[in-house]
Amino acid sequence: MISGLAKFRSSAVCVTGAAVLFAAPAFACSICRCGDPTFNALGKEGVAQSGLRLALDWDQVEKTQGPADELESMRERRTTLLAAYGFNDRFGVFARLPYSDRELNESGERTSAAGWGDPEFYAQARLWSSPFEGDVGMRASLYAVAGVKTDWGQNDLSRGGERLDEHIQPGTGSVDWFAGLSGSYQLDPHSALFVSAQYRQTGRNDAGYQYGRVTLVNAAYERKFGARIDAVLEANYRHAGRDEIDASGAFDADTGGSIVYLTPRVLFDVGAGWVLRASAQFPLSQSGLNGEQREKTVFNLGVTRLFESAR
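Throughout, residues of each chain are indexed from 1 in the direction in which the sequence is written. Local features are withheld for residues below a pLDDT of 70 in this predicted model, meaning they are given only at 70 or higher, and side-chain atom pairs are given and counted only at 80 or more; totals for whole chains, interfaces and linings count all residues. In computing side-chain values, all of the structure's heavy atoms are included and hydrogens and water are not.

Draft legend 1. Looking closely at the packing of aromatic side chains. Pairing of aromatic rings covers Phe, Tyr and Trp, the last counted by its six-membered ring, and requires centre-to-centre distances within 6.5 Å; plane angles under 30 degrees mean stacked, over 60 mean edge-to-face, and any other angle means tilted. For the coordinates displayed, the defined rule picks out 7 aromatic pairs. Residues Tyr 99 and Trp 116 carry aromatic rings whose centres are separated by 5.1 Å and whose planes lie at 80° to one another, so their mutual orientation is edge-to-face. You can see Tyr 99 sitting in strand β3 (residues 91–106) and its partner Trp 116 sitting in strand β4 (residues 109–116), a full 17 residues away along the chain. Each ring, one from Tyr 122 and one from Phe 178, has its centre 5.8 Å from the other, and the planes form 65°; the classification is edge-to-face. Highlighted residues: Tyr 122 in strand β5 (residues 120–129) and Phe 178 in strand β11 (residues 176–188), separated in sequence by 56 residues. Both residues of the pair, Tyr 122 and Phe 178, count as buried. Joined through ring pairs, the aromatic side chains of Tyr 85, Phe 87 and Phe 91 make up one cluster. Just above the ring of Phe 307 sits the side chain of Arg 305; from NZ or CZ to the centre is 4.7 Å. Helix and strand assignments follow DSSP, with helices taken as H or I runs no shorter than four residues and strands as E runs no shorter than two, numbered in order from the N terminus. In this scheme, a residue with accessible area under 20% of its type's maximum is buried, one over 50% is exposed, and one in between is partly exposed, where area comes from a 1.4 Å probe on protein chains only. Over a ring means this: the NZ of a Lys or the CZ of an Arg is within 6 Å of the ring centre and within 35 degrees of the ring normal.

Draft legend 2. The pattern of salt bridges, seen in detail. Salt bridges are defined by distance alone: a side-chain nitrogen of Lys or Arg within 4 Å of a carboxyl oxygen of Asp or Glu. A full pass over the atoms with the stated rule returns 19 salt bridges. Measuring nitrogen to oxygen at the nearest pair gives 2.9 Å for the salt bridge that ties Arg 139 to Glu 133. A relative accessible area of 35% places Glu 133 in the partly exposed class. One salt-bridge network, in which partners are shared between bridges, spans Arg 96, Asp 118, Glu 120, Lys 149, Asp 176 and Arg 200.

Draft legend 3. Seen up close, the nonpolar core. Ala 41, Leu 42, Ala 55, Leu 82, Ala 84, Phe 94, Tyr 122, Val 145 and Phe 178 form the largest nonpolar core, which has 9 residues in total. Secondary-structure elements contributing two or more residues to this core are α1 (37–48) and β2 (72–86). Among buried residues, those of type Ala, Val, Leu, Ile, Met, Phe, Trp, Tyr and Cys that are joined through side-chain atoms within 4.5 Å constitute a nonpolar core.

Draft legend 4. Focus on the pairing of strand β1 (residues 51–65). Two strands qualify as a pair provided that DSSP identifies no fewer than 2 bridges between them. Relative to β2, β1 is paired through 15 bridges, and the arrangement is antiparallel. Across the sheet, the residue bridging to Leu 54 is Ala 83, located in β2. Relative to strand β17 (residues 293–295), β1 runs antiparallel, the two being bridged by 3 bridges. Residue pairing across strands places Lys 63 opposite Glu 295, the latter belonging to β17.

Draft legend 5. Seen up close, a nonpolar patch on the surface. Nonpolar side chains (Val, Leu, Ile, Met, Phe, Trp, Tyr) are joined into patches within 5 Å and like charges within 9 Å, using only residues with over 30% relative accessible area and no salt bridge. For accessible areas, the Shrake-Rupley method is used with a probe of radius 1.4 Å. Any residue's cover is judged against the shown protein chains and nothing else. Residues Phe 225, Ile 229, Val 266, Phe 268, Val 270, Trp 274 and Leu 276 make up a contiguous nonpolar surface patch of roughly 620 Å² in combined accessible area. Listed by contribution, the elements that provide at least two residues to the nonpolar patch are β15 (257–271) and β16 (274–285). By residue number, the principal contributor to the nonpolar patch is β15, which donates 3 residues. Since its relative accessible area comes to 46%, Val 266 is described here as partly exposed.

Draft legend 6. Region of the structure containing the environment of Val 61. Looking at where Val 61 falls in the secondary structure, it is placed in strand β1. Looking at Val 61, the relative accessible area reads 5%, which means it is buried. Along the chain, Val 61 and Glu 76 lie 15 residues apart, while their C-alpha atoms are 5.2 Å from each other.

Draft legend 7. A look at the side chain of Gln 169. Locating Gln 169 in the fold gives a position in the loop between β10 (162–163) and β11. For this analysis, residues touch if any pair of their heavy atoms sits within 4.5 Å. Beyond its immediate chain neighbours, meaning those up to four positions away, Gln 169 contacts Arg 102, Gln 154, Asn 155, Asp 156, Leu 157, Arg 163 and Leu 164.

Next comes the structure, spelled out in structure tokens:
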């Protein structure tokens, strides 16, 4: 019987190009992340399988803004459920539901809020693949993905009759459309490469706020160590436009810009279709961020269930 991690085997390397996902309006692009959450949760094999797959992830993100004597910070802890269903190895559909807990610290004054974020739905299709080659299997493949982030999350939380700051709201209140491509190349039975790119077209919410549009590029190398452990090393790039604070198109100067992360990840096969995951996303270059911004290390823990019908 093939183990759960074998379903990740080229695992952390072939993104399906999936979805990004997800105050002082001083924090850059709090809705976007570097990397690919679908690839992180399912791996190459899990993405391409037929049948049902489930994953649960916990992330912590911290950002700061402003000079040292006027430092403002925001921390988000997010739990996300992913459900995936593959009709066959060529076409699948996905849904993600996040729950967000955010805390904003402005000049020593703390504000916190928690609630449901915006669900997103998307589909992926395999555009091309090479023939099977012995024990390597399908050496190369190319996928397309497209979907929508809804505005169904909570974006109207208030306190004392006043709406809370935009960046502490669990949802963005906007409908966003996204699309991308991804490709993978199996080097040998134990290692593989991937590259992916995605673009997100953001919408404007009822309060007039519009997050900057986002471009993501990812590259990774995966290596299998024994029957139970996979290790992955990723480079993640994100470019986001400046946020517009109202319908007039006025920009927030301390939002958007470019950043590069280095992300090591470890996957461990527990057995019976269960896989545990852990990663840390380290910012390498923040010089491209607009205004006064600093992003800290992003931590991720997750568990994936690959059901027998999908194996």
